[in-house]
Amino acid sequence: MDGKFRRIILGSVMLVFLFSGVVTVVVAEGRHIPAWRTAFVEALPGVQMAAVQRAKYPAQFDDNRSAFLPIDLGTFAYTTSATYGKPIRYTLALPATPSELYCVIGKRGNGTQLYLVGYFDDGLWHADWVVWMGSETLGDRVVQQALTAIGCSMALSTGS
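From a predicted model like this one, the values you see are computed outputs, not experimental measurements. (Residues numbered from 1 in each chain as written. Predicted model: local features only at pLDDT ≥ 70, side-chain atom pairs only at ≥ 80, totals over all residues. Heavy atoms only, no water.)

*Asks:* Explain the pairing of strand β7 (residues 127-133) to me, please; I cannot follow it from the model alone.
*Replies:* Within a regular strand, the side chains alternate between the two sheet faces. Strand direction decides the pairing type here: strand β2 (residues 69-72) and β7, joined by three bridges, are antiparallel. When the bridges of β7 are listed, P70 appears paired with W132. Counted along the chain from strand β6 (residues 111-121) to the antiparallel partner β7, the turn is five residues long, and its residue G123 has a positive phi close to 80°. (Pairing = 2+ DSSP bridges. Helix = DSSP H or I, 4+ residues; strand = E, 2+ residues; numbered from the N terminus.)

Written out as structure tokens, the structure is:
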């Protein structure tokens, strides 16, 4: 009876440790902020996300890039002062298409703006999230066509 009691206690202790480990992982994942969201917040402090949708066809972004302006190029942009002491800002060529792309309707005050957040990876040295801004007029036909091409079906005028 004494050996059986020890096994029950040992099994109970192991189950408690296992259960507490699972709870810790679940709670930590619940608090995890996705990297694309962090890139957005750092590039655009004060802009609230009103609507977010993951693009279904991020590979189509390259053909529709002209409808958007880059605001934060992450590690694909850097400044050096190696040339005669004057700071020079360089921009590296982005890889052809992002592997992930999110469409975001952002609000600041009464203004509404379309943003894209894409993950670019050159497969060697540079991989980062890049934030793009859409046309100032949210009903712009070119921007709406670009959104349709990349697979974001959100309505720009309503932010939904």
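*Asks:* Is there a simple way to explain the packing of aromatic side chains in this structure?
*Replies:* Inspection of the entire model under this criterion finds five aromatic pairs. Where W36 meets Y102, the ring centres are 4.4 Å apart and the plane angle is 10°; that geometry is what we call stacked. Taken as a pair, W36 in helix α2 (residues 35-43) and Y102 in strand β5 (residues 100-108) lie far apart in primary sequence, 66 residues in all. For the residue pair W36 and Y102, the accessibility class agrees, reading buried in each case. Between the aromatic rings of Y102 and W129, the centroid separation amounts to 6.2 Å while the plane-to-plane angle is 45°, which identifies the pairing as tilted. One end of the pair, Y102, is in strand β5; the other, W129, is in strand β7, with 27 residues separating them in the sequence. Residue W129 is classed as buried on the basis of its relative accessible area of 11%. Three or more aromatic residues link up through ring pairs in this structure, and these residues are W36, Y102, Y119 and W129. (Phe/Tyr/Trp six-rings, centres within 6.5 Å; stacked < 30°, edge-to-face > 60°. Buried < 20%, exposed > 50% of the residue type's maximum accessible area, 1.4 Å probe, protein only.)

*Asks:* Please clarify how the pattern of salt bridges should be interpreted in this entry.
*Replies:* Tallied over the full model, the rule gives one salt bridge. The closest approach of N and O atoms between E100 and R54, which form a salt bridge, is 3.4 Å. Of this pair, E100 sits in strand β5 while R54 sits in strand β1 (residues 48-54), and the two are 46 residues apart along the sequence. (Salt bridge = Lys/Arg side-chain N within 4 Å of Asp/Glu carboxyl O.)

*Asks:* When you look at the nonpolar core in this model, what are you seeing that I'm missing?
*Replies:* Within the largest apolar cluster, 20 residues are counted, with the highest numbers of intra-cluster contacts made by F61, F68, C103, L116 and I150. Listing elements by their share of this core, those giving two or more residues are β5, β6, β7 and α3 (141-150). Beyond its immediate chain neighbours, meaning those up to four positions away, F68 contacts F61, L114, L116, W132, M133, G134, V143 and A146. (Core = buried A, V, L, I, M, F, W, Y, C linked by side-chain atoms within 4.5 Å. Contact = heavy atoms within 4.5 Å.)

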